[in-house]
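If you want the building blocks of each chain, they are given just below.
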Amino acid sequence: GAAQTTLVRGYIGPQLDVLAGPGAKRGRKKNKIRYLVDPRVVTGTSWLTGANEEGRHAINVVAGRDFVPDGTIEAAEVRPGDPCPRCGGELALRRGIEIGHIFMLGRRFSDAFGLDALGPDGKPIRITMGSYGIGVSRLVAVIAEQHHDEKGLVWPAVVAPAHVHIVATGKGADHLAAALTLGEAFSAARVDVIVDDRPGVSVGVRLTDAELIGAPWIIIVGRRLGEGLVEVRQRATGQTQDMPLADVVGQVTQWVGRAE
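Now for a quick tour of the structure. Keep in mind that this is a model prediction, so the values were computed, not measured.

### Considering the overall build of the protein chain
Within the protein chain, the regular secondary structure consists of 5 helices and 15 strands. Taken over the C-alpha atoms alone, the protein chain extends approximately 105 × 55 × 35 Å along its principal axes. Relative to its 260 residues, the protein chain shows a buried fraction of 29%. Pairs at least 24 apart in sequence give 52% of the contacts found in the protein chain among residues at least 6 apart. Split by element, the accessible area of the protein chain, about 17,200 Å² in all, is 55% carbon and sulfur. Averaging the positions of the 30 positive and the 29 negative side-chain charges in the protein chain gives two centres separated by 12 Å.

Rendered as structure tokens:
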């Protein structure tokens, strides 16, 4: 478009109509200048602006008194260290995860359908509507992003699809039988459990998969089964301890209850 000779580069201000001078030929309305401001420029706020003259600025330029914008546009870029408009402290930027959203519908649909409710005085009032949603399907992605390590997921017990993952590492059939019996005992104690009973899968793959799935507690039925001991591994910390087979269900069940 044509150059705007009414605007002084570096000294543009919103009060063109006020400071235009005799004849107001420089007024933005007469020159078809559309003036948009950031939404934070609200009526009654005071600003330091250009004065539309070379080398001059204006102070105490009040929105609504000295200028009225034609609309709003997100113009201000928020940066770390900017002062908070409420408390004056420095703003910090953090990455967030959207798990839900709110839409203010106002009275658009309630007006269309004549949707009223009785107010405190018994008279009908038009309902103001809103839509509030949580993305259930994305919650798993949120948990995975916040609770993982280089080995895989690390489920918090309160939302874990299984609390205990039992892996039999011994080659004998007695190890798998003990793992299955242990799994039934956990189920009877109302603890969600996975028992890896896949045939022909190596010990390394079983343990790697257990860490990838990330149940809070991994129980390994291995070389010390003959001594009546199994290994209990906390997925989040990696800490391991040998525990008597007779005690493991009661102890882990207690841990699950505390974690939830």
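### Some points on the nonpolar core
The biggest cluster of nonpolar side chains holds 21 residues, and the ones touching the most others in it are Phe186, Ile219, Val248 and Val252. Residue assignment for this core shows that the elements contributing at least two residues are β11 (164-168), α3 (173-188), β13 (217-221), β14 (229-234) and α5 (245-259). Here this core gets 5 residues from one element, more than from any other, and that element is α5. Tyr35, Val41, Ala63 and Phe67 belong to the second largest nonpolar core, which has 8 residues in total.

### Quick word on the pattern of salt bridges
Taken as a whole and assessed by the stated rule, the structure comprises 16 salt bridges. In this structure, Asp66 and Arg65 form a salt bridge, with 2.9 Å as the shortest nitrogen-oxygen distance. A relative accessible area of 58% means that Arg65 is categorised as exposed. Bridged by salt links that share partners, the residues Lys151, Glu211, Glu231 and Arg233 form one connected network.

### Here's the deal with the pairing of strand β15 (residues 240-244)
When β14 meets β15, the two strands line up antiparallel, connected through 5 bridges. By the bridge assignment for β15, Glu231 is matched with Asp242. Here β14 folds back onto β15, and the loop between the two strands holds 5 residues, one of which, Gly238, carries a positive phi near 80°.

### What to know about the sheet that holds β11
Strand order in the open sheet made by the 5 strands is β12-β11-β13-β14-β15, with mixed pairing throughout. Every other strand in the sheet has two partners, leaving β12 (193-196) and β15 as the edge strands with one partner each. Mean inter-strand twist for the sheet, computed between neighbouring axes without regard to direction, equals 25°. Pairing between β11 and β13: 5 bridges, direction parallel.

### Examining the packing of aromatic side chains
Within a pair of aromatic rings, the relevant descriptors are the distance that separates the centres and the angle that separates the planes. Evaluated as defined, the whole model comprises 1 aromatic pair. Both rings, one in Trp217 and one in Trp255, keep their centres 6.3 Å apart while their planes meet at 20°; by these two values the pair is stacked. Separated by 38 residues along the polypeptide, Trp217 in strand β13 and Trp255 in helix α5 bring together distant segments of the chain. Since its relative accessible area comes to 16%, Trp255 is described here as buried.

### Digging into the environment of Leu182
On the secondary structure map, Leu182 appears in helix α3. C-alpha separation for the pair Leu182 and Val248, spaced 66 residues apart in sequence, amounts to 8.8 Å. Non-local contacts of Leu182, meaning those with residues more than four positions away in its chain, are made with Ile166, Ile219, Leu245, Val248 and Val249.

### Section: the environment of Glu98
Residue placement: Glu98 occurs in the loop between β4 (71-72) and β5 (100-106). For the pair Glu98 and Ile134, spaced 36 residues apart in sequence, the C-alpha separation works out to 9.0 Å. A polar atom in the side chain of Glu98 sits 3.1 Å from the side chain of His101.

### A short note on a nonpolar patch on the surface
There is a patch of nonpolar side chains on the surface, built from Val78, Leu91 and Leu93 and spanning about 230 Å² of accessible area. Its location among the elements puts Leu93 in the loop between β4 and β5.

### So, the side chain of Thr49
By the element assignment, Thr49 lies in strand β2 (residues 46-50). Overall, Thr49 belongs to the buried group, its relative accessible area being 11%.

### Comments concerning the environment of Arg56
With respect to the helices and strands, Arg56 occurs in the loop between β2 and β3 (57-62). The sequence separation of Arg56 and Gly10 amounts to 46 residues, and the corresponding C-alpha distance is 9.7 Å. Excluding its chain neighbours within four sequence positions, the residues that come into contact with Arg56 are Tyr11, Gly50 and Ala51.

The rules we used
Within each chain, residues carry numbers counting from 1 in the order of the written sequence. Since the coordinates come from a predicted model, pLDDT governs what is reported: local features require at least 70, and pairs of side-chain atoms require 80 or more to be given and counted, while whole-chain, interface and lining totals use all residues. In computing side-chain values, all of the structure's heavy atoms are included and hydrogens and water are not. In this text, helices come from DSSP runs of H or I with a minimum length of four residues, and strands from runs of E with a minimum of two, each type numbered from the N-terminal end. Here's how the labels work: a residue is buried when its accessible area is under 20% of the maximum for its type, exposed when over 50%, partly exposed in between, all with a 1.4 Å probe on protein chains only. Note on contacts: a residue pair is in contact if any heavy atoms of the two residues lie within 4.5 Å. Here the open area of atoms and residues is found with the Shrake-Rupley method and a 1.4 Å probe, where only the protein chains shown may cover a residue. Only four residue types enter the tally: Lys and Arg on the positive side, Asp and Glu on the negative side; His and the chain ends are excluded. Charge positions are represented by NZ for Lys, CZ for Arg, CG for Asp and CD for Glu. To qualify as a nonpolar core, a set must consist of buried Ala, Val, Leu, Ile, Met, Phe, Trp, Tyr and Cys residues joined through side-chain atoms within 4.5 Å. Whenever a carboxyl oxygen of Asp or Glu lies within 4 Å of a side-chain nitrogen of Lys or Arg, that contact is scored as a salt bridge. Only strands joined by at least two bridges in the DSSP assignment are considered to pair. Lines fitted to the C-alpha atoms define the axes, with helices restricted to the stretch that makes contact. Angles between their N-to-C directions range from 0 to 180 degrees. When the centres of two rings from Phe, Tyr and Trp lie within 6.5 Å, Trp using its six-membered ring, the rings pair. Their planes under 30 degrees apart give stacked, over 60 give edge-to-face, and anything left gives tilted. Identification of polar contacts relies on pairs of N or O atoms within 3.5 Å, with a donor-acceptor requirement for protein atoms, meaning one able to donate a hydrogen and the other able to accept it, and with residues adjacent in sequence counted only if both atoms are side-chain atoms. Patches were defined on residues exceeding 30% relative accessible area and lacking a salt bridge, with like-charge contacts within 9 Å and nonpolar side-chain contacts (Val, Leu, Ile, Met, Phe, Trp, Tyr) within 5 Å.

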